[in-house]
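As a plain string of letters, each chain reads:
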Amino acid sequence: ISDTTRVLINGVVYDIRDVAKDGSALTLIECKDSCPIKKRIQNGMKVTHTALTTLDSNKIYLDEIQEVGKFMLIDVWGLWCKGCLNQLPRLEELYIENSDVLQVVSLNWGDKPSTVYSFLEKNPSRWSDQLFANKEFLKEYMVDSYPNYILVGKDGVIIKLGTNLTEVKEIISE
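The sections below set out a description of the structure shown in this document. (Residues numbered from 1 in each chain as written. Predicted model: local features only at pLDDT ≥ 70, side-chain atom pairs only at ≥ 80, totals over all residues. Heavy atoms only, no water.)

## Digging into the nonpolar core
Point 1. Grouped together as the largest cluster of nonpolar side chains are 20 residues, with contacts concentrated most on Leu62, Ile74, Leu107, Phe137 and Tyr141.
Point 2. Sorting the residues of this core by element identifies strand 6 (71-77), strand 7 (102-108), helix 3 (135-140), strand 9 (148-152) and strand 10 (158-163) as the ones contributing at least two each.
Point 3. Here this core gets 3 residues from one element, more than from any other, and that element is strand 6. (Core = buried A, V, L, I, M, F, W, Y, C linked by side-chain atoms within 4.5 Å. Buried < 20%, exposed > 50% of the residue type's maximum accessible area, 1.4 Å probe, protein only. Helix = DSSP H or I, 4+ residues; strand = E, 2+ residues; numbered from the N terminus.)

## Considerations on the sheet that holds strand 9
Point 1. Judged by pairing direction, the sheet is mixed, and its 7 strands sit side by side in the order 5-4-8-7-6-9-10 without closing on themselves. If you trace the sheet from one side to the other, it starts and ends with strand 5 (59-61) and strand 10, each paired once. Strand-to-strand twist of the sheet, defined as the mean angle between neighbouring strand axes without regard to direction, takes the value 30°.
Point 2. Taken together, the 3 bridges between strand 4 (residues 51-54) and strand 5 define a ladder with antiparallel strand orientation. Each bridged residue has a counterpart across the sheet, and for threonine 53 the counterpart in strand 5 is lysine 59.
Point 3. Packed on one face of the sheet, helix 2 (residues 113-122) meets strand 6, strand 7 and strand 8 (129-132) and runs near 160° to strand 8. (Pairing = 2+ DSSP bridges. Axes fitted to C-alpha atoms, helices over the stretch in contact; angles between N-to-C directions. Contact = heavy atoms within 4.5 Å.)

## Side note on unusual backbone geometry
Negative phi values dominate among residues other than glycine, just as trans dominates among peptide bonds.
Point 1. Cis geometry is found at the peptide bond from tyrosine 146 to proline 147, where omega equals -10°.
Point 2. Along the polypeptide, proline 147 turns up in the loop between helix 3 and strand 9.
Point 3. Positioned with a positive phi, serine 57 is a non-glycine residue whose angle comes to about 70°.
Point 4. Looking at serine 57, the relative accessible area reads 59%, which means it is exposed.

## Digging into the side chain of asparagine 108
Point 1. Within the secondary structure layout, asparagine 108 lies in strand 7.
Point 2. Judged by its relative accessible area of 1%, asparagine 108 is buried.
Point 3. Sequence-distant contacts of asparagine 108, defined by excluding residues within four places in its chain, comprise Trp77, Gly78, Leu79, Val116, Leu131, Phe132 and Ala133.

## Thoughts on the sheet that holds strand 2 (residues 12-19)
Point 1. If you walk across this open sheet you meet the 3 strands as 1-2-3, and the pairing is antiparallel. Sheet topology places strand 1 (6-9) and strand 3 (26-30) at the edges, where each strand pairs with a single neighbour. Across the sheet, the mean angle from the axis of one strand to that of its neighbour is 45°, orientation sign disregarded.

## Points about the environment of isoleucine 60
Point 1. Mapped onto the secondary structure, isoleucine 60 falls in strand 5.
Point 2. When the C-alpha positions of isoleucine 60 and glutamate 174 are compared, they lie 31 Å apart, and in sequence the two are 114 residues distant.
Point 3. Those residues in contact with isoleucine 60 that lie beyond four places of it in its chain are Thr50, Ala51, Leu52, Thr54, Ile65 and Leu131.

## What about the pattern of salt bridges?
Point 1. For the structure shown, the criterion picks out 4 salt bridges.
Point 2. We note a salt bridge from arginine 126 to glutamate 92, for which the minimum N-O separation is 3.6 Å. In this pair, arginine 126 is assigned in the loop between helix 2 and strand 8 and glutamate 92 in helix 1 (residues 82-98), connecting sequence segments 34 residues apart.
Point 3. Between lysine 160 and glutamate 167 there is a salt bridge, with its nearest N and O atoms 3.6 Å apart.
Point 4. A relative accessible area of 28% means that lysine 160 is categorised as partly exposed.
Point 5. Classification of glutamate 167 by relative accessible area gives partly exposed; the value is 25%. (Salt bridge = Lys/Arg side-chain N within 4 Å of Asp/Glu carboxyl O.)

What follows is the structure, given as structure tokens:
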């Protein structure tokens, strides 16, 4: 457990200092200083001003890249993830069928830029948004499985965290 794990109980912020091995008890210390609790991203919230990195190492912000009038599907993937690579043809098909209303933003996690660049040269993507995720993004958006899809509405509001391609197709077809 880290030194910055915090909970809010009845309007009071506490640092969690220890957890019993069997999980039956916590040691809490009231936070006396400025101790903000960052609200976790949830469905219904706007995408955040989170910095991401482009293939050419430039910084870009998630809340500034959505194309007007389109849903944005964030695809968190890695070359080390067989499920991610197996889903690429389905993702490509979904994009081709819906490119008039769907923007795909692929966020690689865990691979070197040169490796991703080589992969994309051999396997060109139909969409241009190829970026790199960072630990802040993964934590903020609670990415804990791969591939991981996040669907954002045309208004920039998150429709579904941790969705799948079948759900995405149903939602954007409505």
